[in-house]
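# What the coordinates show
What follows is each chain in one-letter form.
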Amino acid sequence: MSKKKPPSVKVKKSSAGLGLYAMEDIKKEAFIIEYIGEKITTDESDRRGGKYLFTLSKDYVIDGKGRTNIARYINHSCRPNSEVEIDEDKWTISVYAKKNIKAGDELTYDYGKEYWNEHIKPYGCKCAKCTEKK
Ligand SMILES: [Zn+2]
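Definitions and cut-offs
Residues numbered from 1 in each chain as written. Predicted model: local features only at pLDDT ≥ 70, side-chain atom pairs only at ≥ 80, totals over all residues. Pairing = 2+ DSSP bridges. Helix = DSSP H or I, 4+ residues; strand = E, 2+ residues; numbered from the N terminus. Axes fitted to C-alpha atoms, helices over the stretch in contact; angles between N-to-C directions. Core = buried A, V, L, I, M, F, W, Y, C linked by C-beta atoms within 7 Å. Buried ≥ 20, exposed ≤ 12 C-beta atoms within 10 Å, placed from the backbone. Contact = placed C-beta atoms within 7 Å.

It is worth spelling out the sheet that holds strand E4 (residues 38–41) at this point. Either a parallel or an antiparallel arrangement is found when strands of a sheet pair, and the pairing is made through backbone hydrogen bonds. Read across the sheet, 3 strands follow the order E4-E6-E5 without closing on themselves; strand pairing throughout is antiparallel. Each having just a single partner strand, E4 and strand E5 (53–55) make up the two edges of the open sheet. The average undirected angle you get between the axes of adjacent strands in this sheet is 35°. Bridge count between E5 and strand E6 (residues 60–63): 3 bridges; the pairing is antiparallel. Across the sheet, phenylalanine 54 pairs through a bridge with isoleucine 62, a residue of E6.

Structure (structure tokens):
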């Protein structure tokens, strides 16, 4: 998968606060953005806490709270249009398009069960899939 020309994206208001939106059409499987941050140990991440901790491996976590990490604005969805690929050797977290995405669409990926149960379930999931059921 090529990382040569990442598509243009923009932080905008969404149903869940702020979100990250595609500014151009993105083809399925295309690289979108890297989740960047400080690499810390899981012990350190337990000390710090925070919403932008991204588990990289058993021992390491990326703390993506930095302002340059606009991937942190990507919201959770139970029916996401993007997915995350973790490279434990290179210590990178990359977001790829899971399906064809249209300009103007909000980018979402599945945060995983652990995060969902801890941070989303108590407030109710606001993703498109969960809100349409009601
Ligand atoms: Zn949901």
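Next comes the rest of the write-up.
Turning our eyes to something else, we now look at the nonpolar core. Across soluble globular proteins, you tend to see nonpolar side chains buried next to one another. With 22 residues, the main nonpolar core has Val9, Ile32, Phe54, Ile74, Val95 and Leu107 as its most contacted residues. For this core, the secondary-structure elements that each account for two or more residues are strand E2 (17–22), strand E3 (31–34), E5, E6 and strand E9 (92–97). Apart from residues lying up to four places away in sequence, valine 95 is in contact with Ile32, Ile33, Tyr35, Ala71, Ile74, Ser82, Val84 and Tyr109.

Glancing now at the environment of isoleucine 62. Mapped onto the secondary structure, isoleucine 62 falls in strand E6. Here isoleucine 62 falls in the buried class, since 22 other C-beta atoms lie within 10 Å of it. Taking the C-alpha atoms as reference, isoleucine 62 lies 15 Å from isoleucine 33; in sequence the two are 29 residues apart. Residues contacting isoleucine 62, with those up to four places away along its chain left out, are Tyr35, Gly37, Glu38, Lys39, Phe54, Leu56 and Ile93.

Right, let's get into the pairing of strand E8 (residues 82–87). The pairing of E8 with E9 spans 6 bridges and is classified as antiparallel. When the sheet's bridge partners are listed, aspartate 87 is paired in E9 with threonine 92. The hairpin formed by E8 and E9 contains 4 residues between the paired strands, and tryptophan 91 there has a positive phi angle of roughly 60°.

Function cannot be read off these values alone, since they describe shape.
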